Amino acid sequence: MEVLTSILDQRAKRKHSDKIDRIIKQDSKKLWKGCKILLLGSEKSGKSTIVKQMKVMYRNGFSREELLGYRLTIYRNVIESAQAIVNAMQRLGLGPDPVLLANRADADMILDYRIDESPHFTFSQEISLAIHRLWQDSIIPQILAYSSEFDLMDNASYFLSEVLRIGKPDYTPTVADVLFAQRRSVGIVETQFTLGQLSIHMIDIGAVSCDRRKWIHYFEYVTCIMFCAALNEYDQVLEGGQNRMSESLVHYESVANSRWFRRMSVILCFTKFDLFKHKIPKVPLEDYFPEYTEGPHVYKAARFILSKFIEVSGGMKVHPHFIQASHVVDILPIYGSIKDAILRNALHDAGIF
Ligand SMILES: Nc1nc2c(ncn2[C@@H]2O[C@H](COP(=O)(O)OP(=O)(O)OP(=O)(O)O)[C@@H](O)[C@H]2O)c(=O)[nH]1
Ligand SMILES: [Mg+2]
């Protein structure tokens with residue numbers, strides 16, 4: 001009798017334990033299922049580029065129609081970059097090469113060129129050749145040395161070097177062209193994708209960020225913030241004359257100390273690391289942040305900038321990443337940060353943290 005009771009007892013215990021295991025499994029599935037990430041950061045800091053990368057890596061990339069949808073943006077990027085260079089040449093009184101009269105005619109053609117907004121618009125052969133010749137002018141390296149003093153888009157060199165390919169009548173943008181393209185986001189863009197076991201819902205607040213009422217409800221049930229800051233903007237100024245990086249720090253501080261994000265995790269993406277690496281040896285960081293005293297060392301300079309952000313992070317748990325957002329890279333470290341953020345939230349909800 002005793003033996004039978006013990007067997008029944010053991011069965012009941014196993015049943016109970018199996019039930020607990022099932023509940024834990026279901027709960028952990030729920031825990032890993034949904035993750036909402038809010039993308040914040042200043043203008044042109046790379047938010048949309050990160051979304052594009054996720055699309056390339058986890059959502060079957062871009063269809064031919066979607067690639068063609070970037071053609072007008074890329075034409076605009078090319079012509080605006082060429083016009084910015086010609087304007088800078090004239091303002092700085094530097095060229096184009098006076099011996100090459102053809103370059104003067106090219107400069108005039110570039111300044112007068114207008115893009116027709118029709119979806120069938122393509123560059124004329126004359127304009128792509130004119131831009132190509134301008135880009136070969138011996139004065140260009142001197143002009144680029146002043147690029148922080150005029151409004152030249154970050155990836156102008158990429159597009160100007162590729163102008164003959166872009167100028168072909170049957171041009172279809174490549175994925176690299178799309179990642180380098182600059183188009184200001186308007187409105188809120190939501191992207192969903194699956195990363196490992198996680199279903200991720202990424203929300204790019206874009207250029208509406210000044211009107212909080214429109215996006216404040218997105219804070220509900222947010223798992224973590226992804227804040228983008230462009231590393232190479234330490235020597236750039238906004239229209240009002242403020243240093244772009246100092247403004248980015250002010251923006252970050254207001255996010256980090258907002259009651260909405262208290263105790264939340266932030267994935268701090270320092271973008272444009274590729275451009276920063278080239279800039280640091282040429283443009284001293286100490287000219288803009290005199291507290292920095294360690295010279296032209298890329299990693300020391302990057303760590304200094306990180307420390308400025310950490311100083312104003314309030315109670316947030318910060319996961320920093322230095323990346324080139326425009327290059328399809330292995331984003332596993334960011335994936336690790338997202339998982340950590342989910343775990344922290346779960347521990348916090350359980351009252352453990
Ligand atoms: N070289 C380089 N270019 C980058 C990087 N990250 C972003 N860019 C470029 O910077 C420009 C602006 O990037 P976006 O992703 O559009 O910036 P955003 O934050 O969405 O800008 P808004 O929509 O205006 O708020 C684009 O031309 C990108 O290709 C990077 O890490 N390296
Ligand atoms: Mg954007």
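The model shown is predicted, which means the values in this text are computed figures rather than measured ones. (Residues numbered from 1 in each chain as written. Chains lettered and ligands numbered in written order. Predicted model: local features only at pLDDT ≥ 70, side-chain atom pairs only at ≥ 80, totals over all residues.)

Caption draft 1: Looking closely at the overall build of the chain. Each helix and strand in the chain was counted, giving 15 helices and six strands. Taken over 353 residues, the chain has a buried fraction of 30%. Relative to all contacts within the chain whose residues are 6 or more apart in sequence, the contacts with residues 24 or more apart total 77%. (Helix = DSSP H or I, 4+ residues; strand = E, 2+ residues; numbered from the N terminus. Buried ≥ 20, exposed ≤ 12 C-beta atoms within 10 Å, placed from the backbone. Contact = placed C-beta atoms within 7 Å.)

Caption draft 2: Here's a closer look at the confidence of the model for the chain. Mean pLDDT over the chain works out to 85, with 86% of the residues at or above the 70 mark. Confidence over residues 28–32 falls short of pLDDT 50; this stretch has four contacts with residues more than four positions distant or in other chains. Quick note on the complex model: pTM equals 0.85, ipTM equals 0.99. (pLDDT = per-residue confidence, 0-100.)

Caption draft 3: Focus on helix α14 (residues 298–311). Over its 14 residues, α14 runs 20 Å from end to end, which matches the ideal 20 Å to within 8%, given 1.5 Å per residue. Of all the residues in α14, the buried ones are Ala301, Ile305 and Phe309. Seen end-on, α14 carries its buried residues on one side only, within an arc spanning 85 degrees. Facing away from the buried surface of α14 by more than 90 degrees, the exposed residues are Tyr299, Ser307 and Glu311. Here the buried face of α14 lies against β4 (224–230), α12 (244–256) and β5 (265–271). (Expected span 1.5 Å × (residues − 1). Arc of directions from axis to C-beta.)

Caption draft 4: Expanded view of the site of ligand 1. Near ligand 1 lie 26 residues; those nearest to it are Gly46, Ser48, Thr49, Gln182 and Ser185. At the level of elements, α2 (47–58), α10 (175–180) and α13 (273–279) are the ones that each hand at least two residues to the shell around ligand 1. Per-element tally for the shell around ligand 1: the top contributor is α2, with three residues. Considering only residue class, the shell around ligand 1 consists of seven nonpolar, 12 polar and seven charged. (Near = placed C-beta within 6 Å. Nonpolar A, V, L, I, M, F, W, Y, C, P; charged D, E, K, R; others polar.)

Caption draft 5: The arrangement of the nonpolar core in detail. Formed by 43 residues in total, the largest nonpolar core has its most connected members in Leu39, Cys224, Ile225, Met226, Phe227, Val266 and Cys269. Looking at this core, the elements that each hand over two or more residues are β1 (34–41), α2, β3 (198–204), β4, α12, β5, α14 and α15 (332–349). With seven residues, the single largest contributor to this core is β4. Membership of the second largest hydrophobic core comes to 26 residues, among which are Ile127, Ala156, Phe180 and Ala181. (Core = buried A, V, L, I, M, F, W, Y, C linked by C-beta atoms within 7 Å.)

Caption draft 6: Quick peek at unusual backbone geometry. Of note, Asn60 is a non-glycine position whose phi angle comes to about 65 degrees, a positive value. You can see Asn60 is positioned in the loop between α2 and α3 (64–68). A positive phi is found at Lys272, a non-glycine position, where the angle reads about 65 degrees. Here Lys272 is to be found in the loop between β5 and α13.

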